[in-house]
Amino acid sequence: MADQVLVIGGGGREHALAWKLAQSPHVKHVFVAPGNAGTVDNGKISNSAVPISNHAALAQFCRDQEIRLVVVGPEVPLAAGIVDDLTAAGIRCFGPTAKAAQLESSKSFSKAFLDRHEIPTARWKSFTDPKAACSFINSANFPALVVKASGLAAGKGVIVASNKEEACKAVTEIMQDKTFGTAGETVVVEELLEGEEVSCLCFSDGIMIAPMPPAQDHKRLMDGDEGPNTGGMGAYSPAPQISKDLLQKIRDTVLQKTVDGMRKEGVPYFGVLYAGLMLTKDGPKVLEFNCRFGDPECQVILPLLKSDLYEVMQAVIDKKLSSSMPVWFEDSAAVTVVMASEGYPGTYPKGLEITGLSKAKQMGLEVFHAGTALKDGKVVTSGGRVLTVTAIQGDLMTALQEANKGVAAIHFKGAIYRKDIGYRAIAFLKQSRGLTYKNSGVDIAAGNTLVQKIKPLAAATSRSGCNAELGGFAGLFDLKAAGYKDPILVSGTDGVGTKLKIAQECKKHDTIGQDLVAMCVNDILAQGAEPLFFLDYFACGKLDVEVAQGVIAGIAEACKKAGCALLGGETAEMPGMYPPGEYDLAGFAVGAVERGQMLPQLERIADGDVVIGVASSGVHSNGYSLVRKIVEKSSFDFSSPVGVSGDQTLGDLLLTPTKIYSKTLLPVLRSGHVKAYAHITGGGLLENIPRVLPESFGVVLDALTWKIPEIFCWLHKEGNLSEEEMTRTFNCGIGAVLVVQKELAQQVLKDIQKHETAWLIGKVVSLQKGSAPVKVHNLLRALQANRSLSMHSHIQGKIQTNKVKVAALISGTGTNLEALINSTKKPTSFAQIVLVISNKAGVEGLKKAERAGIPTRVIDHKLYESRTEFDNAIDKVLEEFSVELICLAGFMRILSGPFVKKWEGKILNIHPSLLPSFKGANAHKLVLQAGVRVTGCTVHFVAEEVDAGAIIFQEAVPVKIGDTVETLSERVKEAEHRAFPAALQLVASGAVQVGEAGKIYWK
């Protein structure tokens, strides 16, 4: 059922508000009090004579007319407490309370608030004594040339003086001559800021904000910003001077900070917050706040709003703005030109006939009335600012041209208007500006910030021969200072493979640096080399300073463990090369060994030499593509708790950093007792040991002689891996091997065991032609010996009991059904699918359910006369199976209101876009038409309105150049298969639930 709405006010802003609200299918009629000639019996819109200053009478009018929403346009009623009084009378009202509206109604309150919350603004001081104000103007150590009446002065209570004398004169006029009446009893004197003035508005529900496109008003009466100040002679939006980055900064440092500050002070801010800003060389600074839409900014911003304004306003009142964020028309610009009466802003005539209004409408323009009235059936002037003409076009230049054509078509005697609205923006757009590196996606400032943060980390790795100071073109190392006499330099380079993917998925970046260093320094040990210095390479699509700092901090810490200096590195930000959140690493180690101590000593290796195995810490950094595939196909995920206590996740276990052997093994390698050392890296036991043996020799190892970590036993079983696959891919618990003479083996083993776990694991044998150089006996027995231990102590997720019973509703293949089934089959799942219902027989989704052993039911909607009857039939089956949650997995029926209400907060649906954008059908087509660069999927609770329920989980998907509906759909489906199960687990676990008024609560 459509609702009735009341708009308070009579200007162009209120006409625009009524015009936009009337477009909503939820709105039956819009009353405007008192309104103007433009809101008289105009379709859904009409005027009302209800007295707006008598709040009791206004409340009674709202009850009599069944008004479901009151929208307050001007500032004076807000300051008078209209929202407080109507809300107390049970009337839903859009706008801030009188206490919150002090941000506009009291300049002194506003400035003090800005200071309290460290929101950037001009330096200032307030006064109630004109002499004290003038004394401050003359003595301030900044240009104190802006004088403001603290109270409300219809947007005109600001005087910008050109010198101190003028400023003192302004104080006298405001405080003694009462130019602005009681509004000037207190004045604020503030610093004159230099820069460009812009308007940034947002919706606020007391917690969340939703910024609007930035706009720019033109206060001066005449072209070129000449003449006296006015309430505003025109505006345009969006303002191209405000980049996306700057708008984000304004959002974070001004708008959100203001709303947060008001909430902290116990005065939550609801409605529209308008920040008048000066873009200074030091960044944006607040000039003033308005607590409502600006006039004429409202007339250029609302035409750019794609969403339903009524829905947005209701979401603000209900504190649900996060689930109904407004969407704006892209690639559009709006310009509005004000036509004013001759003599404005001073005295002016009234009652002059206005002609040409219909002609302007025929040109496709919007004419919003302000100071107009009806007299003898004709539209006449009745105010200073008479009307505004708004044009919406694809670009600013065209919009201005069209608006000026409309103004030229409208006539009344002595009409005043500007022809240069938007001239600053046009000049800005015409500037021949070259692209910047930041425009292309490379943030040099962020890179410099990172360097400053990691400099002390690198400096802490200094050692003899090197100071480890970052910032130069190259690093230096003094071999003599390090004690070398006849050194050979040894270098190695490596990465950490797809172990990075697990680190990024688990958002654990502090240990991956040790993996990088270990992979390089453990390699150069094979030549007997001491690692001297290390260089790193960090590559990403967009630099996240915090993540990069965490990674490099891990690298620096590992360098200290290895005894080498972090001498330098490269941070490469390469837009388009890596998806958001991903990065890659490479490392380079340089070491040295005295000429006579180089390894391996191939000529010394003989049949019968003993192989010593040094324990690994786990999987180290090889074989992770196979590891990830095994986990994907298992009943676990990286967040699954493992171990007896369950205080570690599988992801944490797999991210155990690679051991660094340089400090512990180097003394042994230099003893002269070791003939060869091999790092068990990529290629496992089978491919690394032969790299340090003569071609005529091989080794025989016995897997029962060392302890195989349980993670390998689990990988072997879950992946159903062969023995060869295990030994060719993984280290199987041996991170390094040493070859020593049999007689010295026990002594060398004892030396190693002072610092590392190690075993005698095999021997060197003469190699027969065609024989494998590495044989590992008893591997299967060793893996099986640990298997029961592995599954019952360490690699065991916490099995969830008392799972939430879930039903899936489908209509065909059961989009996402398989992903939901796989997710709920895991022992760690909080949910269990107990039923699949389809409204069509024989569909593939039913077969998927049956194969998974899940009961199915077919309830054909064609057999029921109404949606309600069909839904009741579904409800009975749900009750039969004691269902607690419902997932709509490609269910192509719209559920009835009573059903949704009964199951409120218990029905989950997924939509193929980032809601609230691109609701309804054909989302991918709409995304491509809009030209946005990012889309995705949204899992939300189901509400009566389609795609409007509270959002649980979202995953972004980049839109690629050349994407079609089909290619985009495929990538979004992949995201859906991850997002829907994740959201189900959040709800089933109780981590997310719906509270009062449909608001999401997180535990």
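Source: prediction; values computed, not measured.

The rules behind each value
Residues numbered from 1 in each chain as written. Predicted model: local features only at pLDDT ≥ 70, side-chain atom pairs only at ≥ 80, totals over all residues. Heavy atoms only, no water. Helix = DSSP H or I, 4+ residues; strand = E, 2+ residues; numbered from the N terminus. Phe/Tyr/Trp six-rings, centres within 6.5 Å; stacked < 30°, edge-to-face > 60°. Pairing = 2+ DSSP bridges. Axes fitted to C-alpha atoms, helices over the stretch in contact; angles between N-to-C directions. Contact = heavy atoms within 4.5 Å. Disulfide = S-S within 2.5 Å. Buried < 20%, exposed > 50% of the residue type's maximum accessible area, 1.4 Å probe, protein only. Salt bridge = Lys/Arg side-chain N within 4 Å of Asp/Glu carboxyl O. Core = buried A, V, L, I, M, F, W, Y, C linked by side-chain atoms within 4.5 Å. Parallel < 35°, antiparallel > 145°, perpendicular 65-115°, else oblique. Left-handed = near helix turned anticlockwise from the far one by under 90°. Nonpolar A, V, L, I, M, F, W, Y, C, P; charged D, E, K, R; others polar.

**Student:** What is the right way to read unusual backbone geometry from this model?
**Tutor:** Glycine aside, residues mostly have negative phi, and peptide bonds are mostly found in the trans state. Ala 33 connects to Pro 34 through a cis peptide bond whose omega is 5 degrees. One can find Pro 34 in strand 2 (residues 27-34). The step from Leu 599 to Pro 600 runs through a cis peptide bond, and the omega angle for that step is -5 degrees. Phi is positive for Asp 376, which is not a glycine, with a value near 55 degrees. Mapped onto the elements, Asp 376 comes out in the loop between strand 20 (372-375) and strand 21 (378-381). Even without a glycine there, the phi angle at Phe 918 is positive, about 60 degrees.

**Student:** Explain the packing of aromatic side chains here, please?
**Tutor:** Two descriptors summarise a pair of aromatic rings, namely the distance from one centre to the other and the angle between the planes of the rings. One pass over the full model with this rule turns up twelve aromatic pairs. Judged by centre distance (6.2 Å) and plane angle (80 degrees), the rings of Phe 203 and Phe 293 are edge-to-face. One end of the pair, Phe 203, is in strand 10 (residues 196-205); the other, Phe 293, is in the loop between strand 17 (283-290) and helix 10 (297-301), with 90 residues separating them in the sequence. Here the aromatic rings of Phe 870 and Phe 891 are separated by 6.5 Å at their centres, their planes lie at 15 degrees, and the arrangement is stacked. With Phe 870 in helix 29 (residues 867-880) and Phe 891 in the loop between strand 38 (885-888) and helix 30 (897-902), the pair connects residues that are 21 residues apart, well separated along the chain. Grouped by ring-pair contacts, the aromatic residues Phe 94, Phe 203 and Phe 293 constitute a single cluster.

**Student:** I would appreciate a short explanation of the sheet that holds strand 34 (residues 774-777) in the present structure.
**Tutor:** Across a sheet, paired strands are connected by hydrogen bonds in the backbone, their directions being either parallel or antiparallel. Sheet architecture is open: six strands sit in the order 30-32-27-33-31-34, paired in mixed fashion. A single partner strand is all that each edge strand has here, and the edge strands are strand 30 (674-679) and strand 34. Sheet twist, expressed as the mean angle between neighbouring strand axes with direction ignored, is 25 degrees. The sheet contact formed by strand 30 and strand 32 (residues 734-740) spans five bridges and is antiparallel. What sits directly across from Val 674, in strand 32, is Val 740. Packing against the sheet, helix 21 (residues 662-669) makes contact with strand 27 (610-615), strand 30 and strand 32, and its axis sits at approximately 155 degrees to strand 30. Here helix 25 (residues 745-753) sits on the sheet and contacts strand 27, strand 32 and strand 33 (758-766); the angle it forms with strand 33, its principal contact strand, is near 145 degrees.

**Student:** Would you explain the state of the cysteines in this entry?
**Tutor:** What the rule picks out here adds up to zero disulfides. With no disulfide partner, Cys 202 has as its closest neighbouring cysteine sulfur the one in Cys 200, 9.3 Å distant. The class of Cys 202 is buried, set by a relative accessible area of 0%. In this structure Cys 937 is not part of a disulfide, and its nearest cysteine sulfur, from Cys 887, lies 14 Å away.

**Student:** Looking at this structure, how should I read the pattern of salt bridges?
**Tutor:** Evaluation of the coordinates by the stated rule reveals 38 salt bridges. For Arg 418, the salt bridge is made with Asp 223, and the minimal N-O distance between the two is 4.0 Å. One end of the pair, Arg 418, is in the loop between helix 13 (396-409) and helix 14 (423-430); the other, Asp 223, is in the loop between strand 13 (220-222) and strand 14 (226-229), and 195 residues separate them in sequence. Relative accessible area serves as the criterion here: at 35%, Asp 223 is assigned to the partly exposed category. Arg 857 is the partner of Glu 880 in a salt bridge, and the nearest nitrogen-oxygen pair spans 3.4 Å. Taken together, the residues Glu 880 in helix 29 and Arg 857 in strand 37 (residues 856-858) connect sequence positions 23 residues apart. Through salt bridges with shared partners, a single ionic network connects Asp 223, Asp 225, Arg 418, Asp 420 and Arg 424.

**Student:** Please explain the pairing of strand 33 as it appears in this structure.
**Tutor:** Sheet topology note: the strand 27/strand 33 ladder contains five bridges and is antiparallel. When the sheet's bridge partners are listed, Val 611 is paired in strand 33 with Gly 762. Bridge count between strand 31 (residues 697-702) and strand 33: five bridges; the pairing is antiparallel. What sits directly across from Gly 698, in strand 33, is Val 765.

**Student:** It is not clear to me how the nonpolar core should be interpreted in this structure. Could you clarify?
**Tutor:** What tends to happen in soluble globular proteins is that the nonpolar side chains get buried as a cluster. Ranked by internal contacts, the top residues of the largest apolar core, which has 88 residues, are Phe 534, Tyr 583, Leu 654, Leu 701 and Trp 706. Looking at this core element by element, the count peaks at ten residues for helix 18 (residues 545-562). Membership of the second largest hydrophobic core comes to 44 residues, among which are Cys 202, Val 254, Val 267 and Leu 273.

**Student:** In this structure, what is going on with helix 16 (residues 499-506)? I would like to understand it.
**Tutor:** Since the α-helix packs 3.6 residues into each turn, any two residues three or four apart lie on the same face. For helix 16, the full list of buried residues reads Lys 499, Leu 500, Ile 502, Ala 503 and Gln 504. Considering only its buried residues, helix 16 is in contact with helix 17 (512-524), strand 26 (583-594), helix 19 (624-633) and helix 20 (650-654). One or two steps after helix 16, the chain reaches Lys 507, where phi turns positive at roughly 55 degrees.

**Student:** Help me understand the environment of Val 300 in this model?
**Tutor:** Among the secondary structure elements, Val 300 is positioned in helix 10. Look at Val 300 and you get buried, because its relative accessible area is 0%. The spacing of Val 300 and Gly 812 is 512 residues in sequence and 46 Å in space, taken between C-alpha atoms. In this structure Val 300 touches Ala 235, Tyr 236, Ser 237, Ala 334, Val 335 and Thr 336, once residues within four positions along its chain are discounted.

**Student:** I'm lost on the packing of helix 17 against helix 18 in this one. Help?
**Tutor:** To characterise two packed helices, one gives the angle between the axes of the helices and the distance between these axes. Axis separation between helix 17 and helix 18 bottoms out at 6 Å; the angle between their running directions is 40 degrees. In this view, helix 17 runs oblique relative to helix 18, as classed from their interaxial angle. Crossing geometry of helix 17 relative to helix 18 is assigned as right-handed. Residue-level contacts link Ile 512, Gly 513, Gln 514, Leu 516, Val 517 and Val 521 of helix 17 to Val 551, Gly 554, Ile 555, Ala 558, Cys 559, Lys 561 and Ala 562 of helix 18. Partitioning the contact of helix 17 with helix 18 into residue classes produces nine nonpolar, three polar and one charged.

**Student:** Honestly, the sheet that holds strand 2 in this entry has me stumped. Any pointers?
**Tutor:** Here five strands make up an open sheet; going across it, the order is 3-2-1-4-5 and the pairing parallel. The sheet is open, and its two edges are formed by strand 3 (45-47) and strand 5 (93-94), each paired on a single side. Contacting strand 1 (3-9), strand 2 and strand 4 (67-72), helix 2 (residues 55-64) crosses the sheet at an angle of about 155 degrees to strand 1. The strands touched by helix 11 (residues 309-317) within the sheet are strand 1, strand 2, strand 4 and strand 5, with strand 4 carrying the most contacts at an inclination of about 90 degrees.

**Student:** Please explain the side chain of Ser 24 as it appears in this structure.
**Tutor:** Note on placement: Ser 24 falls in the loop between helix 1 (12-21) and strand 2. With relative accessibility at 1%, the residue Ser 24 sits in the buried group. The contact partners of Ser 24, leaving out residues within four places of it in the chain, are Lys 44, Asp 308 and Tyr 310.

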